Amino acid sequence: MTETADKAVGLDVLTRLHNEMGGKPDSPDLAGLWRDLGLRPRGEAVEFDDTAPLAAIRKAITEAK
């Protein structure tokens, strides 16, 4: 299955990632990701921090076009 995806993008990156990480459970640091994206919980709301390291990525994902 990853071979088909690799052919579609012209790289073997998906097969390599699957071979390296596919059989291992992972617990990503979601709190760190949210912080780096500039998302701060404030009670039942969320505050945006545009100075966060990944704030530009958050904006690109969430801004209306």
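Just so we're clear, the structure is a prediction, and the values are computed from it rather than from any experiment. (Residues numbered from 1 in each chain as written. Predicted model: local features only at pLDDT ≥ 70, side-chain atom pairs only at ≥ 80, totals over all residues. Heavy atoms only, no water.)

Let's talk about the overall build of the chain
So, point 1. Helices and strands together make up the secondary structure of the chain, namely four helices and two strands.
So, point 2. Starting at the N terminus, the α and β elements of the chain follow one another as α-α-α-β-β-α.
So, point 3. Against the compact-globule benchmark of 11 Å for 65 residues, the chain has a radius of gyration of 17 Å, which places it well outside the compact range.
So, point 4. Across the 65 residues in the chain, those meeting the buried criterion constitute 14%.
So, point 5. Of all intrachain contacts in the chain linking residues separated by at least 6 positions in sequence, the fraction that spans at least 24 positions is 0%.
So, point 6. For the chain, the exposed surface amounts to about 5600 Å²; the carbon and sulfur share of it is 60%.
So, point 7. Averaging the locations of the 9 positively and 12 negatively charged side chains of the chain gives two centres separated by 3 Å. (Helix = DSSP H or I, 4+ residues; strand = E, 2+ residues; numbered from the N terminus. Rg over C-alpha atoms; globule rule 2.2 N^0.38 Å. Buried < 20%, exposed > 50% of the residue type's maximum accessible area, 1.4 Å probe, protein only. Contact = heavy atoms within 4.5 Å. Areas by Shrake-Rupley, 256 points an atom, 1.4 Å probe, with all protein chains shown as cover. Lys, Arg positive; Asp, Glu negative; His and termini not counted. Charge placed at Lys NZ, Arg CZ, Asp CG, Glu CD.)

Topic: the side chain of D49
So, point 1. Counting through the fold element by element, D49 comes out in the loop between β2 (45-48) and α4 (55-62).
So, point 2. Note on D49: relative accessible area 15%, which makes it buried.
So, point 3. In this structure the side chain of D49 is engaged in a polar contact, spanning 2.8 Å, whose partner is the side chain of R40.
So, point 4. Excluding anything up to four places from it in sequence, D49 contacts G38, R40, A55 and R58. (Polar contact = N/O pair within 3.5 Å; in protein donor to acceptor, adjacent residues only side chain to side chain.)

Notes on a nonpolar patch on the surface
So, point 1. Where nonpolar side chains cluster on the molecular surface, the patch consists of V9, L11, V13, L14, L17 and M21 and spans about 510 Å² of accessible area.
So, point 2. Examining the composition of the nonpolar patch, we find that four residues originate from one element, helix α2 (residues 13-21), more than from any other.
So, point 3. Mapped onto the elements of the fold, V13 is located in helix α2. (Patch = residues over 30% accessible without salt bridge, like charges linked within 9 Å, V, L, I, M, F, W, Y side chains within 5 Å. Salt bridge = Lys/Arg side-chain N within 4 Å of Asp/Glu carboxyl O.)

Topic: the environment of A52
So, point 1. One can find A52 in the loop between β2 and α4.
So, point 2. In this structure A52 comes out as buried when scored by relative accessible area, which is 9%.
So, point 3. C-alpha of A52 to C-alpha of D36: the two residues are 16 residues apart in sequence and 5.4 Å apart in space.

The analysis is restricted to geometry; functional conclusions fall outside its scope.
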